[in-house]
Amino acid sequence: MEPVSRIVKEHVPNYLSNLPVPNSIGGWFRLGVKDWLSMIPLFAVVGGASYATYRLFRPKSPVNPDIKKTDAKVVDSFNIEDLGDKAAFCRCWRSSKFPYCDGAHGKYNKTHGDNVGPLIINKKK
Ligand code: FES
């Protein structure tokens, strides 16, 4: 623990107190290359901590908003002989006739700037 304690109690405060942080906004524009290079570790730590915090607390948006949410996994199975000449399956998870497409992807695409569409299976003629 001695090396960690020494880094936290001695090296970090020394590093921070020696940073060339200017007293005015204009001072940032007068910093030299060496000054900016000396601040890279600080920016890396602050950037890394910010990104880790964002990853931890970012809003989750599930692919499936409300279909069979009590099931552990949504699985639908069909016999290909029973599909008829054509079947359109939803891939946007917004259809009220899921797993079939009901055209809800159009509204979803418009509001979310997306381009998802159904999987269409046609019988060979
Ligand atoms: Fe979901 Fe058409 S409604 S792909």
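All values derive from a computational prediction rather than experimental measurement.

Visitor: Would you mind going over the overall build of the protein chain with me for this structure?
Guide: Along its length, the protein chain carries 5 helices and 2 strands. Each helix and strand of the protein chain, ordered N terminal to C terminal, gives the series α-α-α-α-β-α-β. Its C-alpha radius of gyration of 28 Å places the protein chain more than 25% over the 14 Å reference for a compact globule of 125 residues. Judged by the C-alpha coordinates and their principal axes, the protein chain covers about 75 × 40 × 25 Å. Across the 125 residues in the protein chain, those meeting the buried criterion constitute 16%. For the protein chain, the share of sequence-separated contacts (at least 6 apart) that also reach a separation of at least 24 residues comes to 39%. With the model as given, the accessible surface of the protein chain reaches about 10,500 Å², and the carbon-plus-sulfur share is 59%. Of the side-chain charges in the protein chain, 19 are positive and 11 negative, and the distance between the mean point of each set is 5 Å.

Visitor: Help me understand unusual backbone geometry in this model?
Guide: What is expected of a backbone is that most residues other than glycine have negative phi and most peptide bonds are trans. Residues Phe98 and Pro99 are joined by a peptide bond in cis, for which omega reads 15 degrees. With respect to the helices, strands and loops of the structure, Pro99 is situated in the loop between strand S1 (86-89) and helix H5 (104-112). Here Lys68, not a glycine, exhibits a phi torsion of approximately 50 degrees, which is positive. Secondary-structure assignment places Lys68 in the loop between helix H4 (40-57) and S1. Owing to a relative accessible area of 36%, Lys68 belongs among the partly exposed residues under this scheme.

Visitor: Explanation requested: the nonpolar core in the structure shown.
Guide: Soluble globular proteins: nonpolar side chains tend toward being buried together. Of all hydrophobic cores here, the largest spans 6 residues; its members are Ile67, Cys90, Cys92, Trp93, Phe98 and Tyr108. Setting aside anything within four residues of it in sequence, one finds Cys92 in contact with Val63, Ala104, His105, Tyr108 and Val116.

Visitor: Help me understand the packing of aromatic side chains, please; the structure alone is not making it clear to me.
Guide: Each pair of aromatic rings is reported with the distance of its centres and the angle of its planes. On inspection of all chains with the given rule, the structure shows 6 aromatic pairs. With 5.3 Å between their ring centres and 20 degrees between their planes, Phe89 and Tyr100 make a pair best called stacked. Of this pair, Phe89 sits in strand S1 while Tyr100 is found in the loop between S1 and H5, placing the two residues 11 residues apart along the sequence. A connected cluster of aromatic rings, assembled from ring pairs, spans Trp28, Trp36 and Phe43.

Analysis parameters
Residues numbered from 1 in each chain as written. Predicted model: local features only at pLDDT ≥ 70, side-chain atom pairs only at ≥ 80, totals over all residues. Heavy atoms only, no water. Helix = DSSP H or I, 4+ residues; strand = E, 2+ residues; numbered from the N terminus. Rg over C-alpha atoms; globule rule 2.2 N^0.38 Å. Buried < 20%, exposed > 50% of the residue type's maximum accessible area, 1.4 Å probe, protein only. Contact = heavy atoms within 4.5 Å. Areas by Shrake-Rupley, 256 points an atom, 1.4 Å probe, with all protein chains shown as cover. Lys, Arg positive; Asp, Glu negative; His and termini not counted. Charge placed at Lys NZ, Arg CZ, Asp CG, Glu CD. Core = buried A, V, L, I, M, F, W, Y, C linked by side-chain atoms within 4.5 Å. Phe/Tyr/Trp six-rings, centres within 6.5 Å; stacked < 30°, edge-to-face > 60°.

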